[in-house]
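Commentary on secondary and tertiary structure
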Amino acid sequence: MKKNARLFYLLTVWTLFASLQTLAVPRFVNDENLPAPAPGISYVLSMPEPQTHYFEVEMQLKNSASATSAKKNGYVDIKMPVWTPGSYLIREYAKNVEAFSASAAGKPVRSEKVRKNAWRVYSTDDNLTVKYRVYANELTVRTSFVDADHGYVTPASVFMYVEALKNQPHRVVVQPYKDWKKVATGLKTISGAPYTYEAADYDLLVDSPIEIGNHKTFSFTASGIPHTVAMFGDVAYDEKRLAADYTRVCETAASVVGEHPCTDYTFIVHHIPQGGGGLEHLNSTTLETYRTAYATEASYKGFFTLVAHEYFHLWNVKRIRPIALGPFDYDNENYTTMLWLSEGCTSFYEDYILRRAGFHSPEAYLGIVANDITQIENQPGSRVQSASESSWDAWIKGYRPNENSANTTISYYSKGSVLGTLLNLTILAGSNGARNMDDLMRLLYTEYYKKQKRGFTDAEFRQAAEQMAGRKLDDFFGTAVNSTNPIDYNAYFAPVGLQLTNVAGRTQDGFLGAGTTVQNGKVVISSVRRGSAAYTDGLNVGDEVLAVDSVRVGDDLLRLISGRRVGDKLDVLVNRAGLVRKLTITLTQNPLISYRLEPVANRTDAQKALFNKWLYIK
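Not measured: the values here are computed from a predicted model.

What follows is about the pairing of strand β18 (residues 265–272). Taking burial as the measure, the eight residues of β18 include eight buried ones, the bulk of the element. Burial along β18 is two-sided: Tyr265, Phe267, Val269 and His271 and Thr266, Ile268, His270 and Ile272, pointing in opposite directions, are all buried. Examined bridge by bridge, strand β17 (residues 225–232) and β18 share six bridges and lie parallel to one another. Looking at β18, one finds that Phe232 is bridged to His270. At this point the chain moves from β17, through helix α4 (residues 239–257), to the parallel β18, and the crossover so formed is left-handed.

Quick look at the structure:
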């Protein structure tokens, strides 16, 4: 907060309270019960030398002693989160903090680091000032970044907090570098105070990324809600077309639940040379995409798939959520078995929304569904890890893949997307087309978010799903969600008159089962598929392949063995850790499948009608 702006709390209490009644509902607080703002924590965020990749933070704590144990213990603990909600990995944000200091009434007070992400300030003064610097040189949706062109803040990685003050208002004053004129964020602005924003509590602050610079912006209205798009990066685009398509996607997404809980919404879009992804927030999102995202129809649709996914999260995850996902513990992992629902079923909806918005034809959508099933069924890990186990292990496996991950894990995104399709079909069939997955989302939103103001347990979710389907779902939860047993897909597709067919050719070409990369002109094994010839006969990740049957390997091992038959033996010469070894490998049958959804013979009128309802064909 600016030093001359401390009276703003008294002057704006009523205005803030009134505006908070219509604010996008904080994650764990009902609109009608929001307290009036009270003295809490404020930050001044500056970037005087952006080329050095440092943010500088001045943090002011009001009533810090009376609101904590400082009066009793003589100190206040100030902490930096170790992760950010929506990205399930301990990221150790404190590693980027330096030059921590504290003062009271302008005089230094003693402080020390007491754990990896906590600093102890020894003072019983009610008003403290803390200063520190944060190194920010990782431009992702989960981290912070600043350079000579712009600044981006993931709040969990920049703003510290005091546990006992988390529920008090948190104010941020941004001091943009020199001629930077724009700030984009979902935080509410303070009238009459330039670049000043306030959150009702720390959870809401963490949930509100900030883009600072001279980005371009455009606006549109969807479902009666004003939306702003902040575009960073040198990129060519048709603003009119983009605005129209954003509107289509947003309004279709809103139709799922039938109620939009926000008063405004902000998209922050980074156009970068490589990489991509998004992270959801309560009334905003950050998207990263290629600079060529709008250059072709395929990349354009791909970008709006990302838009649909992150936008739908404002319902599914931010408001419709497992009980484990809030209130958050910012010091430790927050475990749930239901990321297959929170993330995976959002992946299901990203394509379902685009189908309903007219981006995908019915035929194209069927191709997407078949490809999703093909993907998970071709991954050996689908027989090792269930969707619920994948959700639980996100913290140690999902974000930390290695060369063996495909053999031992399945993504809760990809498996969850398929589960969303199957659950949607189950509800459609069980209700004779009267209900679908939308009705389940509405029930969860109304019952747990609006009425009970909390998340739901695994058992409560299952009960709601069975209520919508009109029957017990032992087959779905017992097999598809909680086990690694094969799924009878055709039992789910039969009510809409479809069957899943493997169209992969069963040739006699031999299958090796190893992936390779070229490193400094050397062909190196990068992956080995469980159960394949390479796996059984001893090829290892990291092996440099020198020769096959005495023929020197060039840059493509698979081309060299093309045309070999099932049962053929290969003499493979490898360099393993500096020692030359000879392996004999017997090629096996190619296990890979390729699914397509096809109509069953003699489809009934009931099947055709349910098919049309499923795909919104009029």
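Now for the sheet that holds strand β13 (residues 188–189). If you walk across this open sheet you meet the eight strands as β5-β4-β8-β2-β1-β11-β14-β13, and the pairing is mixed. What marks the edges here is a single partner per strand, and that holds for β5 (107–109) and β13. Across five bridges, strand β4 (residues 97–104) lies against strand β8 (residues 127–135) in antiparallel orientation. Within the sheet, the bridge partner assigned to Ala102 lies in β8 and is Val130.

The next subject is the environment of Ser361. The residue Ser361 is located in the loop between α6 (339–356) and α7 (362–377) in this model. According to the relative accessible area criterion, Ser361 is partly exposed, its value standing at 34%. As for Ser361 and Leu615, which are separated by 254 residues in sequence, their C-alpha atoms are 9.2 Å apart. Polar contacts involving the side chain of Ser361 include one to the main-chain amide nitrogen of Ala364, which spans 3.0 Å.

Under the definition given, this model contains 32 salt bridges. Of the charged contacts in the structure, one is a salt bridge between Glu447 and Lys451, with a shortest N-O distance of 3.9 Å. Linking Glu447 with Lys451, this pair stays in helix α11 (residues 437–451), spanning four residues, or about one helical turn. For Glu447, a relative accessible area of 22% gives the class partly exposed. The exposure class of Lys451 is exposed, given its relative accessible area of 59%. Ionic pairing is found between Asp475 and Arg471, a salt bridge with its closest N-O pair at 3.5 Å. Given the relative accessible area of 38%, Arg471 is considered partly exposed. Each of Lys79, Glu163, Lys166 and Asp331 takes part in a single network of salt bridges with overlapping partners.

Turning our attention to the packing of aromatic side chains. Per the stated rule, a full pass over the model turns up 50 aromatic pairs. Geometry around Tyr75 places Arg120 over its ring, the cationic atom sitting 3.9 Å from the centre. Its guanidinium or amino end placed over the ring of Tyr54, Arg133 lies 3.9 Å from that ring's centre, counting from NZ or CZ.

Structural remark: α-helix, 3.6 residues per turn; residues separated by three or four positions point the same way. Along helix α13 (residues 474–481), the positions that sit buried rather than exposed are Phe476, Phe477, Ala480 and Val481. Looking straight down α13, one finds its buried side chains confined to an arc of 110°; they lie on one side. Buried residues in α13 make contact with α6, α8 (387–392), α10 (412–430), α12 (458–469) and α14 (489–493).

How two helices pack is summed up by the angle between their axes together with the distance between the axes. Packing of α7 against α10 brings their axes to within 9 Å, and their N-to-C directions diverge by 130°. As summarised for this structure, α7 and α10 are arranged oblique, according to the angle between their axes. Between α7 and α10 lies a crossing of left-handed hand. On the side of α7, the interface is formed by Tyr365, Val369, Asp372, Ile373, Gln375 and Ile376, while α10 contributes Ser414, Lys415, Ser417, Val418 and Thr421. Residues of the contact of α7 with α10, tallied by class, amount to five nonpolar, four polar and two charged.

Right, let's get into the pairing of strand β23 (residues 514–519). Here β23 pairs with strand β24 (residues 522–528) via six bridges, running antiparallel. Bridge pairing in β24 places Thr517 opposite Val524. Hairpin remark: β23 followed by β24, antiparallel, with two residues in the connecting loop; positive phi at Asn520, about 55°.

Glancing now at the sheet that holds strand β20 (residues 284–290). Read across the sheet, five strands follow the order β16-β17-β18-β20-β19 without closing on themselves; strand pairing throughout is mixed. Every other strand in the sheet has two partners, leaving β16 (216–222) and β19 (277–280) as the edge strands with one partner each. Strand-to-strand twist in this sheet, taken as the mean axis angle between neighbours without regard to direction, amounts to 15°. As defined by bridge partners, β16 adjoins β17 across seven bridges and the pair is classed as antiparallel. Bridge assignment links Phe220 to a residue of β17, and that residue is His227. Contacts between α4 and the sheet are confined to β16, β17, β18 and β20, with β16 contributing the most and set at about 40° to the helix.

A word on the side chain of Asn407. With respect to the secondary-structure elements, Asn407 resides in helix α9 (residues 405–408). In this structure Asn407 comes out as buried when scored by relative accessible area, which is 3%. Reaching out from Asn407, the side chain makes a polar contact with the side chain of Asn404 at a distance of 2.8 Å. Among all residues touching Asn407, those that are not within four sequence positions of it are Pro380, Gly381, Val384, Val528, Arg529, Arg530 and Tyr535.

What counts, and where the lines are drawn
- Residues numbered from 1 in each chain as written.
- Predicted model: local features only at pLDDT ≥ 70, side-chain atom pairs only at ≥ 80, totals over all residues.
- Heavy atoms only, no water.
- Buried < 20%, exposed > 50% of the residue type's maximum accessible area, 1.4 Å probe, protein only.
- Helix = DSSP H or I, 4+ residues; strand = E, 2+ residues; numbered from the N terminus.
- Pairing = 2+ DSSP bridges.
- Right-handed = clockwise from strand over helix to strand, strands pointing away.
- Polar contact = N/O pair within 3.5 Å; in protein donor to acceptor, adjacent residues only side chain to side chain.
- Salt bridge = Lys/Arg side-chain N within 4 Å of Asp/Glu carboxyl O.
- Phe/Tyr/Trp six-rings, centres within 6.5 Å; stacked < 30°, edge-to-face > 60°.
- Lys NZ or Arg CZ within 6 Å of the ring centre and 35° of its normal.
- Arc of directions from axis to C-beta.
- Contact = heavy atoms within 4.5 Å.
- Axes fitted to C-alpha atoms, helices over the stretch in contact; angles between N-to-C directions.
- Parallel < 35°, antiparallel > 145°, perpendicular 65-115°, else oblique.
- Left-handed = near helix turned anticlockwise from the far one by under 90°.
- Nonpolar A, V, L, I, M, F, W, Y, C, P; charged D, E, K, R; others polar.

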